[in-house]
Amino acid sequence: MRRESCRRHGAIAPRHRDGHVPATRRDMHRYAIGALMALATLLAGGCAMIGPDFTPPGADIESEWTDDTTTGIKKEHADYSQWWKVFNDPVLDSLVATAYKQNLSLQIAGLRVLEARAQLGVVTGTLYPQLQQASGSYSYNRGRETPLSDQHFRAAAAGFDAAWELDFWGKFRRGIESADANLLANIASYDDVLVTLSAEVARNYVLIRVLEERIRVAKDNIRIQQRSLELTTAQFDSGSVTELDKQQATSQLRNTQASIPALTISLDRARHALSILLGMPPQDLEQLLGSGAIPTAPAEVAVGIPAELMRRRPDIRQAELQAAAQSAQIGIAQAELLPSFSLFGSFGWSVNDAGQDDLGDLFDSNSFRFSTGPSFQWKILNYGRLKNQVRVQDARFEQLLVNYENAVLGASAEVKDAISGFLNSQLEAEYRQQSAAAAKRSSDLSMLQYTEGISLYQSVLDANRQLVAQQDTYAQARGNIATNLIALYKALGGGWETHTGEFVPEDIRRKMSGRTDWGELLEVSEDNIPAQEPGAEPWRSPDW
């Protein structure tokens, strides 16, 4: 109450000679003690969190990937962290390392981790007083002149307000639990991008080597067909054969030559795709790639047991953590059905010079005002809105549980498909090799018989056509072995373990810190993230 108002109502508080008001101080002390007692009582009673506690979901999965009679597949555990090294190709090793440092999609995934970490800091702050606000004002007023006030007067005020909604039902702690799981889910998403990245780099590298081999095979056959055309041309000029042989030889040669531009187009596209994976402008990558053969896969590969898949694949971990984050949202929604308890406090000074006071009396004890105490709010007439919001969150949670089961089933299918592809592509390549060798021998014999006049040129055409087709198919079959093995390692969730723990490169962190005060959050890594396992007690200090 302002000093002039007290005068008008005859309620001016008695003063000592020093101008202090002892009664007001005693009131403040009494109210402060009462507020602290209320806080202690509410905090003591607010230990339990309502809502379901998340438990990791289960999923049906087989006990073994293959039976004991399957050759080429070992059931023992293996280290998949750098699976691409099984190809013993230094160029491939270098490409994967470059992609990890420079790939832009991976950097975006790392920035999402930083975003989730900052969001966790936002939610953590809700545990503490939500309103802490200093205020001040000055105004010049022109009013109606009365016997007790001037027509013109100035007013000034300064104060501080605070309010703290206590986490009586665990609503805010559930929010931190959800944000924790969301941060871990984003880290799992980063790991999943890394798994995909290493697999795509290897797959595109194998594709490049296969296309280079197919172009080499086509050029070798062009040389064979050129010699055949030269032979038929000479025989035609001498009158030994008709023009038909010459034209057939020309047609076959030109057809094989025409395959090279199409293969070159595919090669350029594969190189450009690899450039993007490496975070580079599209280019031919000749200096990085050099020359090389199609990567050779080992004859056997260790796949472990299906139960290891759920612990290793990042996308399955991500699906589980997304469900954990949503589980906490049910508790948050349920807390809205119950009353909320808060402590509030406000104090300040206000004065105007309309009467006998002066603005210089702003911080005089008679200008001081305060209020404090507990309060509660209860949304009792919500017409089912809050209850249906709980149902919404529960339905979303169940969706994510089913999504987890679907992720496990999909991962299992990917592994089994890749195992089948790896084993059968090995068998195919073996037959293709024998077929290509037979086609080469047939081509040599047909040309020999033709030059000796034993057979017609049609046999040469057929043999050369088969040679081109079988050698080209054999090159693709060799590539399929490597591609299916890459798909198998990807399905097993290999490759994410190699990252250094820093989600964002140093140059990006430096740029972001120059633009915004990130505190220590830019240094977030696998070693210092504050996230806890779902269901742990998430009381922690705020991030300033």
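Just above, that's the structure.
Below, the structure is looked at part by part.

Once that is clear, we can look at the nonpolar core. Among the nonpolar cores identified, the biggest contains 82 residues, and Leu274 and Leu488 are the most heavily contacted of them. Elements represented by at least two residues in this core include exactly helix H3 (90–102), helix H4 (104–124), helix H5 (171–238), helix H6 (243–277), helix H9 (314–335), helix H10 (385–451), helix H11 (457–491) and helix H12 (506–515). Among residues more than four places away in sequence, those in contact with Leu274 are Leu95, Val201, Asn204, Ile208, Leu285 and Leu289. In this structure, Ile222, Tyr450, Tyr457 and Leu461 belong to the second largest nonpolar core, which totals twelve residues.

Residue Asn88 is not a glycine yet carries a positive backbone phi of 55 degrees. Its location among the elements puts Asn88 in the loop between strand S1 (73–74) and H3. Note on Asn88: relative accessible area 67%, which makes it exposed.

Put simply, H4 and H5 touch, their axes get as near as 9 Å, and they point 175 degrees apart. One element, H4, and the other, H5, form an angle in the roughly antiparallel class. Across the contact of H4 with H5, the residue classes tally to 15 nonpolar, six polar and three charged.

Now for the sheet that holds strand S6 (residues 368–377). Pairing in this open sheet of four strands is antiparallel, and the strands run S2-S3-S5-S6 from one edge to the other. On the outer flanks of this sheet lie strand S2 (131–142) and S6, each paired with one strand and no other. Strand-to-strand twist across the sheet, computed as the mean angle between neighbouring axes with direction ignored, equals 15 degrees. Sheet topology note: the strand S3 (residues 152–165)/strand S5 (residues 340–352) ladder contains eleven bridges and is antiparallel. Note that in S5 the partner of Ala157 across the bridge is Ser350.

Conventions and cut-offs
Residues numbered from 1 in each chain as written. Predicted model: local features only at pLDDT ≥ 70, side-chain atom pairs only at ≥ 80, totals over all residues. Heavy atoms only, no water. Core = buried A, V, L, I, M, F, W, Y, C linked by side-chain atoms within 4.5 Å. Buried < 20%, exposed > 50% of the residue type's maximum accessible area, 1.4 Å probe, protein only. Helix = DSSP H or I, 4+ residues; strand = E, 2+ residues; numbered from the N terminus. Contact = heavy atoms within 4.5 Å. Axes fitted to C-alpha atoms, helices over the stretch in contact; angles between N-to-C directions. Parallel < 35°, antiparallel > 145°, perpendicular 65-115°, else oblique. Nonpolar A, V, L, I, M, F, W, Y, C, P; charged D, E, K, R; others polar. Pairing = 2+ DSSP bridges.

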